[in-house]
Amino acid sequence: MDEVIQVAQWLSSITPRKKAKLFFFTTHADAPSPMVGSNDVDAHEETQLPLATTVALHNFKNIDEFLKKKVNTFSCYNVIENEITKTDYEYLRFYSACKYLDVVPPFLDLEKTSAIQNKFEMTDEERDYRLLLDSADLVLEKVCDSLKPAGVSQMWTALRKDRNLIRGVKTIDIIGFFVDPNPTGIKECLFFFIVRFLQKADKINRVNTNRLERLIAQCDESSSCEERKTLDFIIDSLRFYPTELYPFGSCLIMCVIEGRDGAMQEIEKTMEISRHLGMITHTEKNPTKETIELVKKELMKPKYQFYSSFTCWFMSHGDSNSMVLADGETIEREWFLTSFPDISTFQLKPKVFFMVSCRGANKFSLKGDEFEGQSATCDYYDIGSALIRNRMLDITDSVRDISYVQPMMDTLVAYSTILDHLSGRANTHGSIYVDRACVLMSENISRGRSLTEILEHLSQDLHEILQETMDEDRIVYKQACHYDSFFRKTLKLPYTRHPKEDVHSAPQ
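These numbers were taken from a predicted model, which means no experiment stands behind them.

### Describing the overall build of the chain
Across its full length, the chain holds 20 helices and 13 strands. A sequence separation of at least 24 residues applies to 79% of the contacts in the chain between residues at least 6 apart. Just so you have it, the chain exposes about 25,100 Å², and 48% of that area is on carbon and sulfur atoms.

And the structure:
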């Protein structure tokens, strides 16, 4: 059958809502740039104009033309070895979006998909189409699904009132002030236009969504939300790090085995919980400085831009400032922690570090007499209402910026013990901190818990456990863990996912 006819039949089989979503996912806002084969054409205009004309004319002709052009480009595309091009990214995004929406063209060359994945050096696990979907776009899709046409129309009205933001934007004028979003697919086109416009204007990104939240908050709840949805529910969904679908993220386990009883148990437990959470895991036993440098180089590869999060377990001996490697050399803990968050592939994504090592030799020893007469009822904080400001600062958009980000932002570092203290371990099972952390995470999957909630529970749980030193003194002590967070959103644990399970249910 002629390819032109095939494309026409394929487009006619897709509902307007799915066309709008396919266009949105395919025109991913954070596509890497500049890339080999990229030009200086205004990609944002290319993504906004078809949406604007579709909303204005209630006609999907321009979106159809855009999708036809994509299909023709991919059909003629020859996969060049070694070089990763802009078209490679677009091909994978298009394929994954079609797969997610259950609209894969019968004529799409899957061998090209495989050849492109080879260029990205993707493993078998990484070839799951869900990895290629952008989690932030999936969250925005759910927000759109939770709003009625009237709600999106109210967002549009609120946006149009911000004259400083929309001044001189041609696509805004194409749509006009008053919009009828009720025809099928028009609500989606208008919502996705608003999102891409705010992204282009540097008002929102995958972490900073305040501007979008404010637009939603101006809607009338009684007319704007779908059944069993509220504005608070919709806004709250934007306050979590986007980690939709499989995989939850990339997990790196680095464990020094030499001289650490139970180290293999630590590896087994952390590998098991990472698989339980739906992470793709890489393990490094007995790491050295060279190992760490090689791992950092690996994480800079383009394929890691598809991951939603990064988690690292580092387990070794240590002192207040450093950690001992397998060859006896030491590295500064601070150097290790500041070198990973700056990796560009994980910018604006949550990065979690579990640092499991002693940070000194002190022990919180339990000697009964020391606890007599102790009280925790002292009132250290007595803040009167008079100290509360009557008028809050009016922070305008003109003094806000989301373009420049401190490298440590979106990073959380969890320590197995406090500064200058021991980190306890069992002879056969390794680190008690690792054991309890894995147990609590596995127990809380599917309960909607955030990582910080679990870490707080872990702090309570660990501090209840009586431990004993392994030397001749046999001192009984307690261990206290803690974490430092630079998170800007909440990181929720995912529902149990397994790479071989297809949890996909095609959206409408």
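### Quick look at the sheet that holds strand 13 (residues 482–485)
Here we have six strands laid out as an open sheet, ordered 2-1-3-6-8-13, and mixed in their pairing. In the strand order of this sheet, the two ends are held by strand 2 (279–285) and strand 13, each with one partner. Neighbouring strand axes in the sheet, compared pairwise and without regard to direction, differ in orientation by 15° on average. Where helix 19 (residues 432–444) meets the sheet, it contacts strand 3 (310–315), strand 6 (351–356) and strand 8 (411–415), and its direction lies at approximately 150° from that of strand 3.

### Description of the UniProt feature "domain: Caspase family p10" (unreviewed entry) in the chain
Under the UniProt annotation, the feature "domain: Caspase family p10" (unreviewed entry) is placed at residues 410–443. Secondary structure content for residues 410–443 is 35% helix and 26% strand, and the end C-alpha separation is 25 Å.

### Some details on the packing of aromatic side chains
With the rule as written, the count across this model stands at 26 aromatic pairs. Summarising the aromatic geometry, the rings of Trp10 and Phe94 are spaced 6.2 Å apart at their centres and angled 65° between planes, so their arrangement reads as edge-to-face. In this pair, Trp10 sits in helix 1 (residues 3–12) while Phe94 sits in helix 5 (residues 86–101), placing the two residues 84 residues apart along the sequence. Judged by its relative accessible area of 4%, Trp10 is buried. A residue is classified by how much of its surface remains accessible, and Phe94, at 1% relative accessible area, is buried.

### Focus: the pattern of salt bridges
Counted by the stated rule, this structure contains 30 salt bridges. One salt bridge connects Glu188 with Arg17, and the closest N-O pair in it is separated by 3.0 Å. Note that Glu188 is positioned in helix 12 (residues 186–200) and Arg17 in helix 2 (residues 16–26), a separation of 171 residues in sequence. Salt-bridge contacts for Lys19 lead to Asp64; the nearest nitrogen and oxygen are separated by 3.0 Å. Of this pair, Lys19 sits in helix 2 while Asp64 is found in helix 4 (residues 61–76), placing the two residues 45 residues apart along the sequence. Among the charged side chains, a network of salt bridges with common partners joins Arg17, Lys21, Glu141, Asp145, Lys187 and Glu188.

Calculation rules
Residues numbered from 1 in each chain as written. Predicted model: local features only at pLDDT ≥ 70, side-chain atom pairs only at ≥ 80, totals over all residues. Heavy atoms only, no water. Helix = DSSP H or I, 4+ residues; strand = E, 2+ residues; numbered from the N terminus. Contact = heavy atoms within 4.5 Å. Areas by Shrake-Rupley, 256 points an atom, 1.4 Å probe, with all protein chains shown as cover. Pairing = 2+ DSSP bridges. Axes fitted to C-alpha atoms, helices over the stretch in contact; angles between N-to-C directions. UniProt positions renumbered as here; feature names shortened; annotations may be inferred. Phe/Tyr/Trp six-rings, centres within 6.5 Å; stacked < 30°, edge-to-face > 60°. Buried < 20%, exposed > 50% of the residue type's maximum accessible area, 1.4 Å probe, protein only. Salt bridge = Lys/Arg side-chain N within 4 Å of Asp/Glu carboxyl O.

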